[in-house]
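These are the residues of each chain, in order.
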Amino acid sequence: MALWYYGTVALNNHTDDTIAAISTPIGRGGIGIVRLSGRDALKIADRIFVSPKKKKISTSPSHRIVYGHITEPSTGEIIDEVMVSIMKAPRTYTREDIVEINCHGGALPLRRVLELVLRNGARAAGPGEFTQRAFLNGRLDLAQAEAVLDVINAMTVQGQKAAVEQLRGGLSVKIAAAREELIELTAFLEAYIDFPEEDIGSLTAKEMTQRALKISDSLRELIESSGYGVILREGLRVAIAGRPNVGKSSLLNALLEHDRAIVTEIPGTTRDVIEEYLNIGGLPIRIMDTAGIREVEDLAEKEGVRRSLRAMEEADMVLLILDGSSELHETDIELIGKAKTENTIFVINKSDLEQKIDIEGAGFKPAPSVMVSAKKGTGLDSLKEKIVETALHGKTCGNSAVVTNTRHVHSLRKALASIESFITEASGKTPPEFLAVELRDALDALGDILGATTPEDILERIFTKFCIGK
Ligand code: GDP
């Protein structure tokens, strides 16, 4: 990977000074880890570590764990009893010397050990700085570095599997292969521009187009996988809409009771709201504006409907709840009229009561609908199947690399657009210099995914999403 390509911006700031952070969550736990990485990691650890057998961290073989005490060097006070993992460069996460001090997992031992490390020559690490070093030192490309965060934040097993595959380089390999082919194509074209009259075994326009078509096919396949992939990573925003008293809260509670699988903070948002997630068929489903929906019970009908309409606009999918035991109200009709058929499921609730609803009679086309009773808990499995079907309609979830990150989708689309322009222009009279520009643009877009050409502000945005210590 050509790190130096963007190195003028990022690498100038890159040093190998020693960084340190608490890498485990703050709170109480069996073990907590203070991690150091950099030039002086071993030396700093030696200053504060005392082993009963007088072992030195700097002279210990790599990839060993040693037992001892973290001790205040000036007073000899023992801060904690620890195990220290020693990992010497280059076979480490950051490719630098790494020391991990395994302390007791309470806030105080961890903070005191960190403070001691900082007083003895380390600097407090910024968010994601260890992973940033792994990236800058060529241990991970950018797509892999982003996958680290996705593995941590994954909400369902399927999402976690996709992230691990990306971390292993599954996606990177495919992007790199497409890049290689583009580089070859660009080289042919540029040789032709430089030496047009020489026979350099250059490809004919037709052969070039064929190669470009092959590349565009592979990019298209990756883009297609993102329909499923992005849902895995970001969750599907589902709105439960409907007029008051149709059973929105009851249905939500019934679903949560069934499937309360995920409770998480949404990464990257400033609101510190714990949101409700459901795991439905492996898809993380985020119920939108749950608090709002609950409040609606006490709100005037007009306000309730206004909120439903707004949620319907913003959601990826809408569960429009109707009360099967009553005829359609004017409000129901208004909501049905505003629903987009491709992402709405009509949920006819209160199936345990005598049914009076008649959607088609009211002049609406049959839409996907499911009958449930939130009260009795019936029909929920069919509803969940319908949710998965509607979420995935036509979206593939093959077992090879899945694109889960919207940043990658955006770059893939950019690359594909340039290659498509190349293909169209190559069959016309466009001068080869212009054709080469299209190929270069496509190369840059793919390079952005791997971090070979990514501008520094984007890099910074990516790494600041990480927690400190990762
Ligand atoms: P919301 O205003 O849309 O959130 O509706 P609620 O969930 O508060 O329900 C309104 C009323 O309908 C409550 O009295 C619920 O007990 C009742 N209800 C909800 N679902 C069902 C159902 O499936 N069957 C029956 N019989 N009653 C239900």
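The numbers attached to residues start from 1 for each chain and follow its sequence in the written order. In keeping with the predicted nature of the model, local features appear solely for residues at pLDDT of at least 70, side-chain atom pairs appear and are counted solely at 80 or more, and the whole-chain, interface and lining totals rest on all residues. Calculation of side-chain values draws on the structure's entire complement of heavy atoms; hydrogens and water are dropped beforehand.

Once that is clear, we can look at the environment of Arg-28. Note that Arg-28 resides in the loop between β1 (19–22) and β2 (29–37). Placed 78 residues apart in sequence, Arg-28 and Gly-106 show a C-alpha to C-alpha distance of 4.7 Å. Put simply, DSSP H or I for four residues or longer makes a helix, DSSP E for two residues or longer makes a strand, and each gets a number counted from the N terminus.

The subject of this paragraph is the site of the ligand. Around the ligand sit 16 residues in total, of which Asn-245, Lys-248, Ser-249, Ser-250 and Asp-352 are the nearest. Taking Gly-247, its main chain carries an N or O atom lying 3.0 Å from an oxygen atom of the ligand. Between the ligand and the protein, one listed contact pairs an oxygen atom with a side-chain N or O atom of Lys-350 at 3.1 Å. Methods summary: accessible areas were calculated by the Shrake-Rupley approach with a probe of 1.4 Å, and residue burial reflects only the protein chains presented. Here the ligand, which alone exposes 580 Å², has 78% of that area covered by the protein. Ranked by residues supplied to the shell around the ligand, first place goes to helix α9 (residues 248–259) with three residues. Being near a molecule or strand, for a residue, comes down to having at least one heavy atom within 4 Å of it. Two N or O atoms count as a polar contact when they lie within 3.5 Å, although within protein this holds only if one can serve as hydrogen donor and the other as acceptor, and sequence-adjacent residues are included solely when both atoms are side-chain atoms.

As a further point, take the pattern of salt bridges. Counted as salt bridges are all cases of a side-chain nitrogen of Lys or Arg within 4 Å of a carboxyl oxygen of Asp or Glu. Per the stated rule, a full pass over the model turns up 23 salt bridges. Of the charged contacts in the structure, one is a salt bridge between Asp-17 and Arg-133, with a shortest N-O distance of 2.6 Å. Of this pair, Asp-17 sits in the loop between α1 (4–10) and β1 while Arg-133 sits in helix α4 (residues 129–136), placing them 116 residues apart in sequence. Each member of the pair, Asp-17 as well as Arg-133, is classed as buried. Between Arg-123 and Glu-129 there is a salt bridge whose closest N-O contact spans 2.7 Å. Accessibility here uses a 1.4 Å probe with only protein chains present; expressed as a share of the type maximum, an area under 20% marks a residue as buried, one over 50% as exposed, and anything in between as partly exposed. Judged by relative accessible area, which is 33%, Arg-123 ranks as partly exposed. Residues participating in the shared-partner salt-bridge network are Asp-17, Glu-96, Arg-123, Glu-129 and Arg-133.

Pairs were defined over the aromatic rings of Phe, Tyr and Trp, the Trp ring being its six-membered one, requiring ring centres within 6.5 Å. Orientation was assigned from the angle between planes: stacked under 30 degrees, edge-to-face over 60, tilted for the rest. Under the defined criterion, the tally for this structure stands at two aromatic pairs. Consider the rings of Phe-463 and Phe-466, whose centres lie 5.7 Å apart with planes at 35°: the pair is tilted. Looking at Phe-463, the relative accessible area reads 2%, which means it is buried. The class of Phe-466 is buried, set by a relative accessible area of 4%. Both a distance and an angle decide whether a charge sits over a ring: NZ of Lys or CZ of Arg must be within 6 Å of the ring centre and within 35 degrees of the ring normal. Cation over ring: Lys-470 sits above Tyr-93, and NZ or CZ is 4.8 Å from the ring centre.

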